[in-house]
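Summary of structural features
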Amino acid sequence: MRLEPIANPSLARRLGPPAAALAATILFAMALARLAGADPLEVLGLIVKGAAGSKFAVLETLNRATPLIFTGLSVAVAFRAKLWNIGAEAQLYLGAVVTVLLGTGALAWPAPLLLPVLGLAAALAGALTLFGPAWAKARLGVDEVVTTLLLNFIVLLLVSWLLEGPMKDPMGMGWPKSERLIAEARLPRIVEGLRLHWGFGLALFAAVLVWFIETRTTFGYAMRAVGQNARAARFAGIPVGAVTLGTALLSGSLAGLAGFSEVAGLKGNLTLDLSPGFGYTGIIVAMLALLNPLAVVVAALFVAGVFVGADSMSRAAAVPSYIADMLLASALLLMVLALPFTRFRVRWR
């Protein structure tokens with residue numbers, strides 16, 4: 001057996017293997033439900049109902065999808081240029097830290113001025129977090145998988161120290177959390193009285209902006225060229241090192257905005273459990289979207305729906321909600337296996 005490259009893959013070839021991977025994932029989830037002693041179709045129905053069966057469920061899914069869109073875009077941008085950013089979690093937390101430092105009274109400005117400044121500061125914090133590993137890769141050949149992954153643990157320890165020390169809320173009754181943002185630093189609700197905030201709108205705008213950059217700008221072309229073949233791109237005169245650093249700044253800034261969105265839009269303050277793994281889940285989102293920035297929105301909604309629906313299903317059917325983790329893990333593995341078959345065909349000999 002050998003894999004033969006396909007010069008111009010058809011639409012069916014590009015979409016068929018990923019669709020088969022998702023179908024296999026659903027069958028796997030049904031098997032897990034059966035092993036847990038529940039009716040598989042009932043479990044799937046409860047997941048769908050919990051994710052989109054009511055106005056409250058839909059809004060919760062959109063809220064959960066908001067940070068996943070940002071981290072999914074962050075990973076998709078980096079992976080497109082073969083920059084393996086595994087550190088979106090660290091970039092998210094540092095974006096949140098900067099948001100709290102400036103948004104708890106340090107800048108007593110009106111909301112129309114303060115919110116853009118907080119967003120830009122959070123984006124800059126995330127960008128600088130990834131810039132170091134990207135520079136080490138471009139100049140010294142250091143493996144960015146290791147550096148970005150280890151930075152997640154370093155940043156979490158830093159945040160833990162900050163919440164137990166300099167940033168601890170003196171009125172928090174001893175709990176490790178920061179002070180709450182002032183009213184001017186909070187993102188307004190899309191619909192008054194409901195939890196959905198304008199961070200979701202910002203995430204949609206970011207997806208469109210990233211799509212425009214990747215498909216309509218010279219930098220986007222250079223980024224894709226470096227990802228396809230760095231040696232050929234260098235031979236063609238593309239500054240590979242500069243493109244890698246520019247990609248890192250864009251990728252890190254998107255993850256930093258996830259931290260800004262969660263603190264300013266939803267939580268209101270910083271805690272150590274701000275992110276239940278949004279940075280890591282962003283990798284699944286990006287892979288399910290095939291690194292397409294517009295498809296990231298759809299993939300994030302799917303992943304968010306699985307988590308929200310699984311929580312509801314667990315209460316209704318007495319099935320562990322960990323089925324959502326198994327479902328998404330299998331989706332990622334199957335998608336990784338399916339991707340080569342979008343560009344290659346199997347030849348037997």
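Calculation notes
- Residues numbered from 1 in each chain as written.
- Predicted model: local features only at pLDDT ≥ 70, side-chain atom pairs only at ≥ 80, totals over all residues.
- Heavy atoms only, no water.
- Helix = DSSP H or I, 4+ residues; strand = E, 2+ residues; numbered from the N terminus.
- Rg over C-alpha atoms; globule rule 2.2 N^0.38 Å.
- Buried < 20%, exposed > 50% of the residue type's maximum accessible area, 1.4 Å probe, protein only.
- Contact = heavy atoms within 4.5 Å.
- Areas by Shrake-Rupley, 256 points an atom, 1.4 Å probe, with all protein chains shown as cover.
- Lys, Arg positive; Asp, Glu negative; His and termini not counted.
- Charge placed at Lys NZ, Arg CZ, Asp CG, Glu CD.
- Patch = residues over 30% accessible without salt bridge, like charges linked within 9 Å, V, L, I, M, F, W, Y side chains within 5 Å.
- Salt bridge = Lys/Arg side-chain N within 4 Å of Asp/Glu carboxyl O.
- Core = buried A, V, L, I, M, F, W, Y, C linked by side-chain atoms within 4.5 Å.

Details of the overall build of the protein chain
In terms of helices and strands, the protein chain carries 13 helices and two strands. In summary, the protein chain has a C-alpha radius of gyration of 21 Å against a globular reference of 20 Å for 349 residues, a match within 12%. Seen along its three principal axes, the alpha-carbon backbone of the protein chain occupies a region of about 70 × 60 × 35 Å. Out of the 349 residues in the protein chain, the part that is buried amounts to 48%. For the protein chain, the share of sequence-separated contacts (at least 6 apart) that also reach a separation of at least 24 residues comes to 77%. Carbon together with sulfur atoms contributes 69% to the accessible area of the protein chain, which is approximately 16700 Å² in total. Put simply, the protein chain has 27 plus and 17 minus side-chain charges, and the middle of one group is 13 Å from the middle of the other.

A short note on the environment of Leu102
Looking at the secondary structure, you find Leu102 in helix H4 (residues 88–103). Classification of Leu102 by relative accessible area gives partly exposed; the value is 24%. The spatial distance from the C-alpha of Leu102 to the C-alpha of Ile182 is 9.8 Å, given a sequence separation of 80 residues. Excluding its chain neighbours within four sequence positions, the residues that come into contact with Leu102 are Leu107, Leu114, Leu118 and Ala121.

Some details on a nonpolar patch on the surface
A cluster of nonpolar side chains, Trp84, Val145, Val146, Leu149, Leu150, Phe153 and Tyr280, forms an exposed patch at the surface whose accessible area comes to about 590 Å². Among the elements that take part in the nonpolar patch, helix H6 (residues 144–164) stands out by supplying five residues, more than any other. Relative to the helices and strands, Tyr280 is located in helix H11 (residues 278–288).

With respect to the nonpolar core
With 100 residues, the main nonpolar core has Val43, Leu73, Phe79, Phe260, Leu270 and Met313 as its most contacted residues. Of the residues forming this core, the biggest block, 12 residues, is contributed by helix H3 (residues 55–80). The residues touching Met313, leaving out its near neighbours within four places in the chain, are Val43, Leu46, Ile47, Ala318, Val319, Pro320 and Ile323.

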